[in-house]
Each structure stands twice: as C-alpha cells, then as structure tokens.
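# Structural overview for review
Residues per chain are reported as follows:
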Amino acid sequence: QVQLVESGGGLVQPGGSMRLTCTASGTIDGKYVMAWYRQDPGKLRDVVATLTHTGTPWYTDSVQGRFTIATENAKMTWYLQMDNLLPEDSALYYCNLYIFPYTTYWGQGTQVTVSS
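## Digging into the packing of aromatic side chains
The tally for this structure, following the rule as stated, stands at four aromatic pairs. Between Tyr37 and Trp106 the ring centres are 4.9 Å apart and the planes differ by 65 degrees, which places this aromatic pair in the edge-to-face class. Within this pair, whereas Tyr37 is found in strand E4 (residues 32-39), its partner Trp106 is found in strand E10 (residues 103-106), the two being separated by 69 residues in sequence. Joined through ring pairs, the aromatic side chains of Tyr37, Tyr94 and Trp106 make up one cluster. In this arrangement the basic side chain of Arg45 is found over the ring face of Tyr94, its NZ or CZ atom lying 3.6 Å from the centre. For Arg45, the ring lying beneath its charged end belongs to Trp106, and the centroid distance is 4.6 Å.

Rendered as structure tokens:
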C-alpha cells in the first residue's frame, strides 16, 4: 500500500512561482508513472505533467516551458515547480502514482490560487 501526501499549495500573485511536493510512503515496485493533475470546480480532472520511472517528462501544452516535474530520493518524493503562474493555473492540484499494470494512488489535493 502506498500513501501520497501533498504540500506546497497556497496563494501566489500572477507571474510568481510555487513548488508542490508529493511524498510517497510505502513500497513502489516495478514500472510506474508519477503525474500531477488539476481540477477546477465542476470540471474534469486534467493531467498537467507526468514523469516515468525512467525519468521521461511530459507536459500539457498550457504549462510547457513554465512547469517542471522532477523527482528526488530515488522514488519517494516528486515536485512540480510552477513558474510564471497565470490566473488560469488556479485549481486543486493532485499527485497521482500509477504502478503498472493497474494500481493507482491519489494524493489528497492541494489548492493553488493565482490572484493579485
């Protein structure tokens, strides 16, 4: 069993930066993909960035060049560095761990609000 705990959300001004952290407890065996999602009220949860167990990142177009996904401590901590934040980046952000072939874990979510 794996638990994901997120931290780092809050209020930031447009153009500012914020880093989200997702820390996993438990054992992660095999191939996996770690991802950050975000969700606006009344909308579906959308994937923002992913990072494979081999270190390959992917970003949705709207955050390309502004967000960076990274990992530390081999497998247990992931980050989403968000720079040049825009008001439309405001959302509830979730970290997600998908362990092949079919196991998924979610964090509890952390609110990011970009506003002046």
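## Some words on the sheet that holds strand E7 (residues 67-72)
Strand order in the open sheet made by the four strands is E1-E3-E8-E7, with antiparallel pairing throughout. Since the sheet does not close on itself, it has two edges, and those belong to strand E1 (3-7) and E7, each with one partner. In this sheet, adjacent strand axes meet at a mean angle of 15 degrees when their direction is disregarded. As judged from the six bridges shared by strand E3 (residues 18-25) and strand E8 (residues 77-82), these two strands associate in the antiparallel manner. Residue Leu20 lies in a different strand from E8, and its bridge partner there is Leu80.

## Description of the state of the cysteines
Here the structure, examined in full by the defined rule, presents one disulfide. Put simply, Cys22 and Cys95 are joined by a disulfide, and their sulfur atoms are 2.2 Å apart. Measuring the twist about the S-S bond at about 60 degrees, one finds the Cys22-Cys95 disulfide to be right-handed. Here Cys22, found in strand E3, pairs with Cys95, found in strand E9 (residues 91-99); they are 73 residues apart in sequence, far enough to count as distant. The two residues Cys22 and Cys95 agree in class, both being buried.

What counts, and at which threshold
- Residues numbered from 1 in each chain as written.
- Predicted model: local features only at pLDDT ≥ 70, side-chain atom pairs only at ≥ 80, totals over all residues.
- Heavy atoms only, no water.
- Phe/Tyr/Trp six-rings, centres within 6.5 Å; stacked < 30°, edge-to-face > 60°.
- Helix = DSSP H or I, 4+ residues; strand = E, 2+ residues; numbered from the N terminus.
- Lys NZ or Arg CZ within 6 Å of the ring centre and 35° of its normal.
- Pairing = 2+ DSSP bridges.
- Axes fitted to C-alpha atoms, helices over the stretch in contact; angles between N-to-C directions.
- Disulfide = S-S within 2.5 Å.
- Buried < 20%, exposed > 50% of the residue type's maximum accessible area, 1.4 Å probe, protein only.

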